[in-house]
Amino acid sequence: MITQFIRSVFDPKELPTDGLPEIALIGRSNVGKSSLINALAEKKEMARTSSTPGKTQCLNYYLFDHFYLVDMPGYGFAKASKSSRFQWAGLIDRYFMSRIELRAIGILIDARHIGLENDKLVLEWLSVQEHPWFIVLTKVDKVKQQDISAHEKYLHEEFERAKVVFKTSSKDGKGTRALREFLQEQAAGTSGATSG
């Protein structure tokens, strides 16, 4: 698989124009998006990880063979300036409203934390979107199996359309192969993620 970082987008005018399918990844700051992207790409430093939550302030585009994985700014981080937050929100809103290349949205949720308010708000928002979406539980290596099962049960009960749930660990690679195959199928239009 060919994987490489393409560009950081700060303005909708900078979005790629080659028409390749795109899959967006969203999640709380520090949920492990960069680490997961590196695990999916099987490259340690393709996506730069940071100990500073909220570091991603743009749309980061990564090429995976014939589709883009789009790393969205993390939510739930309040230290950014107000003007910056408005700028990110505008960029994200315009992206989701008008991006015809978008095939699916993946929300990353830390397996250790069930029912965080920010995650609930985004899941509720996804539930009324037309785009297909799916859930990725991260950091499952740090959680007991019974707690992971409880988290899955919660998601299915609270969000009826939460049918596609991947359990992943960037540390030991758990679940990344299945997720990578799903992303390829979704980009090609041959997989059925949840949709509105």
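Positions within a chain are numbered from 1, following the residues in the order the chain's sequence is written. Residues qualify for local features only when their pLDDT is at least 70, as the model is predicted, and side-chain atom pairs are given and counted only at 80 or more; totals for whole chains, interfaces and linings, by contrast, use all residues. Excluding hydrogens and water, the side-chain figures rest on all heavy atoms present in the structure.

Chemist: Please give an account of the packing of aromatic side chains that cites residues and values.
Modeler: Only centres within 6.5 Å qualify two rings of Phe, Tyr or Trp (six-membered ring in Trp) as a pair; their planes then separate them into stacked at under 30 degrees, edge-to-face at over 60, and tilted for everything else. Scanning the entire structure with this criterion turns up 9 aromatic pairs. Pairing phenylalanine 134 with phenylalanine 182 gives two aromatic rings, centres 5.0 Å apart and planes at 75°, and the pair type is edge-to-face. Residue phenylalanine 134 is found in strand 6 (residues 133-138), and its partner phenylalanine 182 is found in helix 5 (residues 176-188); the two are separated by 48 residues along the sequence. Each residue gets one of three labels from its accessible area relative to the maximum for its type: buried under 20%, exposed over 50%, partly exposed in between, using a 1.4 Å probe on protein chains only. The class for phenylalanine 182 is buried, based on a relative accessible area of 7%. For helices the rule is a DSSP run of H or I covering at least 4 residues; for strands it is a run of E covering at least 2, with both sets numbered from the N terminus onward.

Chemist: Summarise helix 5; cite the residues concerned and give the values.
Modeler: Here the expected span of a helix is defined as 1.5 Å times the quantity of residues minus one. For helix 5, which comprises 13 residues, the first-to-last C-alpha distance of 18 Å matches the rise-based estimate of 18 Å (1.5 Å per residue) to within 8%. By the burial criterion, the buried members of helix 5 are Thr176, Leu179, Arg180, Phe182, Leu183, Gln186 and Ala187. Buried residues of helix 5, seen end-on, are gathered within an arc of 160° and therefore sit on one face of the element. The exposed residues of helix 5 that point more than 90 degrees off its buried face are Arg177 and Ala188. Between two residues, a contact is recorded if the distance between any of their heavy atoms is within 4.5 Å. Of the surrounding elements, those touching the buried residues of helix 5 are strand 2 (22-27), helix 1 (33-41), strand 4 (67-71), strand 5 (102-110), strand 6 and strand 7 (165-167). Following helix 5 by one or two positions, glycine 189 adopts a phi angle in the positive range, close to 80°. Summarising the geometry, the arc corresponds to the directions from the helix axis toward the C-beta atoms.

Chemist: I'd like to hear about the nonpolar core, residue by residue, with values.
Modeler: Residues belong to a common nonpolar core when they are buried Ala, Val, Leu, Ile, Met, Phe, Trp, Tyr or Cys residues joined through side-chain atoms within 4.5 Å. Counting 34 residues, the largest nonpolar core has Leu59, Met72, Tyr95, Phe96, Ile107 and Ile135 as its most contacted members. Only strand 2, strand 3 (59-64), strand 4, helix 2 (82-98), strand 5, helix 3 (117-127), strand 6 and helix 4 (145-158) provide two or more residues apiece to this core. Judged by nonpolar contacts, the second largest core, of 23 residues, contains Leu69, Ala104, Leu179 and Phe182.

Chemist: For the pairing of strand 2, give the residues involved together with the corresponding values.
Modeler: Two faces make up the sheet, and in a regular strand the side chains alternate between them. For strand 2, the buried fraction is high: 6 of the 6 residues fall into the buried class. Side chains Glu22, Ala24 and Ile26 project from strand 2 onto one buried face, and the interleaved Ile23, Leu25 and Gly27 project onto a second face that is buried too. Inspection of the sheet shows strand 2 paired to strand 4 by 4 bridges, in the parallel sense. Residue pairing across strands places glutamate 22 opposite tyrosine 68, the latter belonging to strand 4. In this structure, strand 2 lies alongside strand 5, joined through 6 bridges in parallel fashion. Between any two strands, pairing holds if DSSP finds at least two bridges.

Chemist: Report on the pairing of strand 5, specifying residues and quantitative values.
Modeler: By the criterion of burial, strand 5 is predominantly enclosed, with 8 of the 9 residues buried. Relative to strand 6, strand 5 runs parallel, the two sharing 6 bridges. Its bridge partner lying in strand 6, isoleucine 107 is registered against isoleucine 135.

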